[in-house]
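Per-entry structural report
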Amino acid sequence: MYFPFEKIRPIQQELINDVTHAIDTKRHLIAHAPTGLGKTAATLGPALTVALEKGYSVFFLTPKHSQHQIAIETLQKIKQKHGIDVKATDLIGKKWMCSHGGVERLSSKEFNEFCKSLREGEKCTFYNAVFGTKNQLQGSAMDMLMGLKKKSPIHAEELFEMCKEDFCSYELASLLGKDSQVIIADYYHIFQPSVRQFFLGRLKKELKNSILIIDEGHNLPSRVRDILSAKLNNFIINRAAKEAKAFHFDDLSEALENLNNTFYNLKKSALKNSKEAFISKKDFIDELQTTTQWAYEDLYSDLESASAEIRKSAKKSFVGSVSEFLEMWTGDDAGYSRILRTKLGHSERQMIELSYNCLSPAISAGEVINESVSTILMSGTLVPGEMYRDLLGFPENRTDLKTYASPFPPENRLVLIDTNTTTKFTSRTADEFQKIARDCIDIVKSVPNNCAIFFPSYYILQAILPFMEGKTAKEVFIDSSELKKSQRAELLNQFKLAASNGNGGLLLAVQGGSMSEGIDLPGDFLKCAIVVGVPLANPDLATKSLIEFYDYKYNKGWDYGYTHPAMTRAIQAAGRCIRRPEDKGAVVFLDKRFAWGSYLKCLPPEWKPIATKLTADKIKRFFNSQ
Ligand code: SF4
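Parameters and conventions
Residues numbered from 1 in each chain as written. Predicted model: local features only at pLDDT ≥ 70, side-chain atom pairs only at ≥ 80, totals over all residues. Heavy atoms only, no water. Helix = DSSP H or I, 4+ residues; strand = E, 2+ residues; numbered from the N terminus. Near = heavy atom within 4 Å. 1 Å grid on protein atoms, 1.4 Å probe; cavity = no way out; pocket = protein on both sides within 12 Å on 5 of 7 lines; lining within 4 Å. Sits in = over half its atoms within 2 Å of the grid points. Buried < 20%, exposed > 50% of the residue type's maximum accessible area, 1.4 Å probe, protein only. Pairing = 2+ DSSP bridges. Axes fitted to C-alpha atoms, helices over the stretch in contact; angles between N-to-C directions. Contact = heavy atoms within 4.5 Å. Domains from an automatic or database assignment. Salt bridge = Lys/Arg side-chain N within 4 Å of Asp/Glu carboxyl O. Polar contact = N/O pair within 3.5 Å; in protein donor to acceptor, adjacent residues only side chain to side chain. Nonpolar A, V, L, I, M, F, W, Y, C, P; charged D, E, K, R; others polar.

Points about unusual backbone geometry
Between Ser-152 and the following residue, Pro-153, the backbone shows a cis peptide bond with an omega angle of 5°. Considering the arrangement of structural elements, one finds Pro-153 in the loop between α6 (139-151) and α7 (156-163). Backbone torsion omega between Val-383 and Pro-384 reads -5°, so that peptide bond is classified as cis. Following the sequence through the fold, Pro-384 ends up in the loop between β10 (374-379) and α18 (385-392). Although it is not a glycine, Gln-293 sits at a positive phi angle of roughly 65°. Counting through the fold element by element, Gln-293 comes out in the loop between α14 (281-292) and α15 (296-310). Unlike most non-glycine residues, Lys-608 shows phi in positive territory, near 45°. Relative to the assigned elements, Lys-608 resides in the loop between α24 (597-600) and β18 (610-612).

As structure tokens, this is what we get:
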């Protein structure tokens, strides 16, 4: 078996055996495998071994850029240690591999349209350098490809640096992919149905000959639902109308202004005094056709053609966004909800939004999983496995659920549930917030170094903050929804630096935010994570439709549609602490509801939480016992 290291730990061996068995017998595996187990090596190693033997391809799918690096390094070590000819292609989102500047702010759909229009207009010099204008691989591109094959496995960013001045990196990576046994990519490449078809076609690969390893699998249900959902609001329509006018599509500009009226008419008839309502596919199409005097299909196809023209000179097209939504609106009803609502947009202006929401990730994921030779879904947060099996459409008779032991010494971790307070909606008073602030400060004072508090929302963070101000010697860092990506990265950097300033730092952030997932804070960077309140979704129509759908389909509406998504966010926030076996750290779930059965059963079994009202004392004793 191709494994990158000399020693295989017993828990790793267990996972390796299960992965090998799953692939050999064409079964699927849902693996709850705690942090620190070495999942990447223990899944890629056996998958590659069987793939080379049987001529399969391996797709390692991950939403995290850092995981791409780890997967590539694992393959490089395997190649070096075993002297085998393994080729791998690492693909990050196409726009991140594009040689044109200023495309980062485009959405994936917008970028794809931009790229398509440049290619089709023969205006992308980087693309032309690979294929010329007659779609034939050019000599210099062939030389570059040979060089890449020799260097493979290489990380996408390294490939980009090698190619970016002369060639389209994505096209060369795709060519490399045809000869690769392993493809490292994002979920989007495989779970967006039209992207998948195109992507696999280019790589000349088929799911029926492929092994899928899905990393951070707890993200997959919500990610697939997002991929299959769409939204449109009157602000976008207004901008599209102006854009159409500026590009002299006067008839479409007028139609878009009337589409805006469609939204107002529907608001009047469907919402009356409420903020949101379900709306049928037909009601919207009928209203649109009446108000605009356009046939529905004609409108979206003319908007699509206009957006192709607009994208010849602009990177982004609002006309294109409207056309994409109108096309998606014609999709199926089964497994989707359609909601019209008003909400406050930027500058506190009222926005009317129409959404087409996927309720069932199994629609796309089930098809993919069933077709693959074997799918391995893994994460440190796949509890309960049955839920992920149901939601993603894994076939029950071909799927094994496994929980692996944590490799971390249990004495290095303390997990407490503080039952003194709650952020339950009916208890949100100034008194309760003051009590929460006091409890948090007592805990923070008991921790020798960096601490983070994750609130259920920015609103609650701001409501509790005044009661905490000036009460800790730690340097305080506050996340906000207004921060740009670079500002947030700097905030995190400063927080890490505070670990060496004596008192340490205190980070205030939110569960489900970018500070609570996808970042690692090992060692002194985070000694204690306090998770305040259960981040339950608003009981709006989107949440209600999810609960009703899961009740109808699995008889588990509240669990699958309400409790588990919230607990996944809470657990992810808690998991920022204790990233390595040698780390010693504490996690506090601060809300009495975490001790209730329906929430408690969602916590990873290896955490063994203790419910208490004397949290600060226990934390002090834990850290003093070092
Ligand atoms: S073909 Fe390549 S370089 Fe050209 S726009 Fe598309 S991704 Fe960018």
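Read on for the rest.
Some words on the site of the ligand
The environment of the ligand is formed by Lys-94, Cys-98, Ser-99, His-100, Phe-111, Cys-115, Arg-119, Cys-124, Phe-126, Tyr-127 and Cys-168. Taken atom by atom, the bulk of the ligand overlaps the largest cavity. For the shell around the ligand, the secondary structure elements donating two or more residues are α4 (108-120) and α5 (125-131). In terms of residue count, the dominant contributor to the shell around the ligand is α4 (three residues).

Here's the deal with the pairing of strand β5 (residues 210-214)
Of all five residues in β5, five are buried; the element is thus mostly enclosed. Burial along β5 is two-sided: the residues Ser-210, Leu-212 and Ile-214 and Ile-211 and Ile-213 are all buried. Of the pairings in the sheet, the one linking strand β2 (residues 57-61) to β5 comprises five bridges and is parallel in character. In the sheet register, Ser-57 faces β5, and the bridge partner there is Ser-210.

Observations concerning the sheet that holds strand β17 (residues 585-590)
Pairing is parallel across the open sheet formed by seven strands, whose spatial order is β14-β15-β13-β16-β17-β12-β18. Of all the strands in the sheet, the pair left with one neighbour each is β14 (475-478) and β18. Sheet twist, expressed as the mean angle between neighbouring strand axes with direction ignored, is 20°. Along the sheet, helix α23 (residues 557-574) makes contact with β13 (451-455), β16 (528-532) and β17, crossing β16 at roughly 160°.

Quick notes on the domain arrangement of the chain
The domain boundaries assigned to the chain delineate domain 1 (10-222 + 362-403), domain 2 (230-358) and domain 3 (410-624). The C-alpha centroid of domain 2 is placed 34 Å from the C-alpha centroid of domain 1. At the interface, 11 residues of domain 1 touch 13 residues of domain 2. Taken together, the links from domain 1 to domain 2 amount to two salt bridges. A salt bridge links Glu-113 to Arg-311, with the shortest nitrogen-to-oxygen separation between them at 3.7 Å. Between the two partners, domain 1 and domain 2, sit three residue pairs in polar contact (both at pLDDT 80 or more). Among the elements that take part in the side of domain 1 that touches domain 2, α4 stands out by supplying five residues, more than any other. Across the side of domain 1 that touches domain 2, the residue classes tally to four nonpolar, three polar and four charged.

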